[in-house]
Amino acid sequence: MPFRIFVVEDDPWYGEFLRYQLTLNPDYEVEVFPEAGKLLNQLHRQPDAICLDFSLPDMPGSRLLQKIKEYNPD
């Protein structure tokens, strides 16, 4: 079973760069989300790690981190 990483990044180039770099490890499954709301809708898929941009268009990163921790404190 792959290690699932969610990347929240509103810059398309940088999001793809992170996805590319992380998927160099064949054990990683990486998905990029351009905004906080799209990530929150997918938390039920239980990622193993989240790479979080703190400057997002729809929600401050600190607030998103708080919502992620409310969903799953780990």
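Everything below is about the structure printed above this text.
These figures come from a predicted structure and were not determined experimentally.

**Q** Honestly, the environment of Phe33 in this entry has me stumped. Any pointers?
**A** Considering the arrangement of structural elements, one finds Phe33 in strand β2 (residues 28–33). According to the relative accessible area criterion, Phe33 is buried, its value standing at 5%. Distance in space between the C-alpha atoms of Phe33 and Ile68 is 14 Å, their sequence separation being 35 residues.

**Q** Explain the layout of surface pockets here, please?
**A** Any empty space left between the atoms is revealed when a probe the size of a water molecule rolls over them. The calculated volume of the largest pocket comes to roughly 290 Å³. If you trace the largest pocket, you find 14 residues lining it, with Pro47, Ile50, Ile68, Asn72 and Asp74 closest to the centre. At the level of secondary structure, the elements contributing two or more residues to the lining of the largest pocket comprise β3 (49–52) and α3 (61–71). With four residues, α3 is the single largest residue contributor to the lining of the largest pocket. Considered class by class, the residues forming the lining of the largest pocket number nine nonpolar, two polar and three charged.

**Q** I keep staring at the packing of aromatic side chains and nothing clicks. Help me out?
**A** Given two aromatic rings, their pairing is described by the distance between the two centres and the angle made by the two planes. This structure, assessed with the given rule, holds five aromatic pairs. Both rings, one in Tyr14 and one in Phe17, keep their centres 6.0 Å apart while their planes meet at 20°; by these two values the pair is stacked. With Tyr14 and Phe17 both in helix α1 (residues 12–22), this residue pair falls three residues apart, about one helical turn. Residue classification places Tyr14 among the partly exposed positions, given a relative accessible area of 34%. For Phe17, a relative accessible area of 34% gives the class partly exposed. Ring-pair connections join several aromatic residues into one group, and the members of that group are Trp13, Tyr14 and Phe17.

Cut-off values and rules
Residues numbered from 1 in each chain as written. Predicted model: local features only at pLDDT ≥ 70, side-chain atom pairs only at ≥ 80, totals over all residues. Heavy atoms only, no water. Helix = DSSP H or I, 4+ residues; strand = E, 2+ residues; numbered from the N terminus. Buried < 20%, exposed > 50% of the residue type's maximum accessible area, 1.4 Å probe, protein only. 1 Å grid on protein atoms, 1.4 Å probe; cavity = no way out; pocket = protein on both sides within 12 Å on 5 of 7 lines; lining within 4 Å. Points joined across faces, edges and corners; volume = space filled by probe spheres on them. Nonpolar A, V, L, I, M, F, W, Y, C, P; charged D, E, K, R; others polar. Phe/Tyr/Trp six-rings, centres within 6.5 Å; stacked < 30°, edge-to-face > 60°.

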